[in-house]
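Listed here are the chains, written in short residue letters.
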Amino acid sequence: DAMVIQNPRYQVTQFGKPVTLSCSQTLNHNVMYWYQQKSSQAPKLLFHYYDKDFNNEADTPDNFQSRRPNTSFCFLDIRSPGLGDAAMYLCATSRVEGSNQPQHFGDGTRLSIL
Amino acid sequence: TQLLEQSPQFLSIQEGENLTVYCNSSSVFSSLQWYRQEPGEGPVLLVTVVTGGEVKKLKRLTFQFGDARKDSSLHITAAQTGDTGLYLCAGRMGTGRRALTFGSGTRLQVQP
């Protein structure tokens, strides 16, 4: 049973055309994360929500925005995708922050830019 | 600058061989987790270590957290093709509301 679901699995967009990736969770976890993972590299944290409290990483470009309308859903908006934004985008959840709780990952959305 | 360095970056071995993957940092971590990621999927947690010097076993996998909580190792005994994947260590610094820092990853290929 999938607990962190990302849609779509594959997304193709044009250079500069806004795109939204979605993530939903059935775990009722407080924290949701968005990571960017480029080929053969470690996931890089973009931002995370603790409930409605938004936490942006210092080096996340302004081009990336996020919304969390409720506990279950979180969206990643890329306002003007560039070629360098082609990557796997991973959503993850955890019950709380700052503890040894595991992060539960979705299977990712692979974004391609034409 | 990568806070967590993993070595080796790539490893290709034959089924049945043993291997060790290392995760090193100059920073102290309050806890460290190991994840495995298979192609086209998200990372899946293998283990969490918290105490300096702690050793945890998960079937053929043995995880160790360094005494100073700055490094960790993953040892696989008698590797199987199903062990193939990207192994990621991830550490949490300090206490409070801290996000995980992921290591650079080790890509393991086990040949039949």
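First things first, this report covers the structure right here in the doc. Nothing here was measured: the structure is a model prediction, and the numbers come from that model.

### Description of the overall build of chain A
Broken down by element type, chain A carries 0 helices and 11 strands. Each helix and strand of chain A, ordered N terminal to C terminal, gives the series β-β-β-β-β-β-β-β-β-β-β. In terms of C-alpha radius of gyration, chain A reaches 13 Å, essentially the compact-globule figure of 13 Å for 114 residues. Principal axes of the C-alpha set define a box for chain A whose edges measure 40 × 30 × 30 Å. When burial is assessed residue by residue, chain A has 47% of its 114 residues classed as buried. Put simply, 56% of the contacts in chain A that link residues at least 6 apart link residues at least 24 apart.

### Focus on the sheet that holds strand β1 (residues 4-7) of chain A
Residues and elements named next belong to chain A. The 4 strands lie next to each other as β1-β3-β8-β7, forming an open sheet whose pairing is antiparallel. Edge positions in the open sheet fall to β1 and β7 (64-67), since each of these has one partner strand only. If you compare each strand with its neighbour and ignore which way they point, the axes differ by 20° on average. Pairing analysis gives 6 bridges linking strand β3 (residues 19-25) to strand β8 (residues 73-78), with the strands arranged antiparallel. The residue bridging Leu 21 from the neighbouring strand is Leu 76, located in β8.

### Brief notes about the pairing of strand β11 (residues 109-113) of chain A
All names here are of chain A. Here β11 shows one buried face, formed by Thr 109, Leu 111 and Ile 113, and one open face, formed by Arg 110 and Ser 112. As defined by bridge partners, strand β2 (residues 10-13) adjoins β11 across 4 bridges and the pair is classed as parallel. Opposite Thr 13, over in β11, you have Ile 113 as the bridge partner. As paired strands, strand β9 (residues 87-94) and β11 are joined by 3 bridges and run antiparallel to one another. Paired with Met 88 across the two strands is Arg 110, which belongs to β11.

### Re the interface of chain A and chain B
How big an interface is tends to be expressed through the accessible area that disappears when the partners come together. Each partner contributes residues to the interface: chain A has 22 residues there, and chain B has 23 residues. Applying the counting criterion to the chain A and chain B interface returns 0 salt bridges. Within the residue set of the side of chain A that touches chain B, elements represented by two or more residues are β4 (31-37), β5 (44-50) and β6 (53-56) of chain A.

### Here we look at the sheet that holds strand β8 (residues 71-76) of chain B
All names here are of chain B. Strand order in the open sheet made by the 5 strands is β1-β3-β8-β7-β6, with antiparallel pairing throughout. Two strands bound the open sheet, and with one partner strand each, they are β1 (5-7) and β6 (55-58). Between one strand axis and the next, the sheet turns by 15° as a mean value, whatever way the strands run. Two strands pair when backbone bridges link them, and strand β7 (residues 61-65) and β8 are joined in this way by 5 bridges, in the antiparallel orientation. Of the residues in β8, the one forming a bridge with Thr 62 is His 75.

### With respect to the pairing of β8 of chain A
Residue and element names in this part refer to chain A. For β8, the tally of buried residues reaches 5 of 6 residues, placing the bulk of the element in the interior. Pairing between β7 and β8: 4 bridges, direction antiparallel. Following the sheet pairing, Phe 64 is matched in β8 by Ile 78. Connecting the antiparallel pair β7 and β8 is a turn made up of 5 residues.

How each quantity is defined
Residues numbered from 1 in each chain as written. Chains lettered and ligands numbered in written order. Predicted model: local features only at pLDDT ≥ 70, side-chain atom pairs only at ≥ 80, totals over all residues. Heavy atoms only, no water. Helix = DSSP H or I, 4+ residues; strand = E, 2+ residues; numbered from the N terminus. Rg over C-alpha atoms; globule rule 2.2 N^0.38 Å. Buried < 20%, exposed > 50% of the residue type's maximum accessible area, 1.4 Å probe, protein only. Contact = heavy atoms within 4.5 Å. Pairing = 2+ DSSP bridges. Axes fitted to C-alpha atoms, helices over the stretch in contact; angles between N-to-C directions. Salt bridge = Lys/Arg side-chain N within 4 Å of Asp/Glu carboxyl O.

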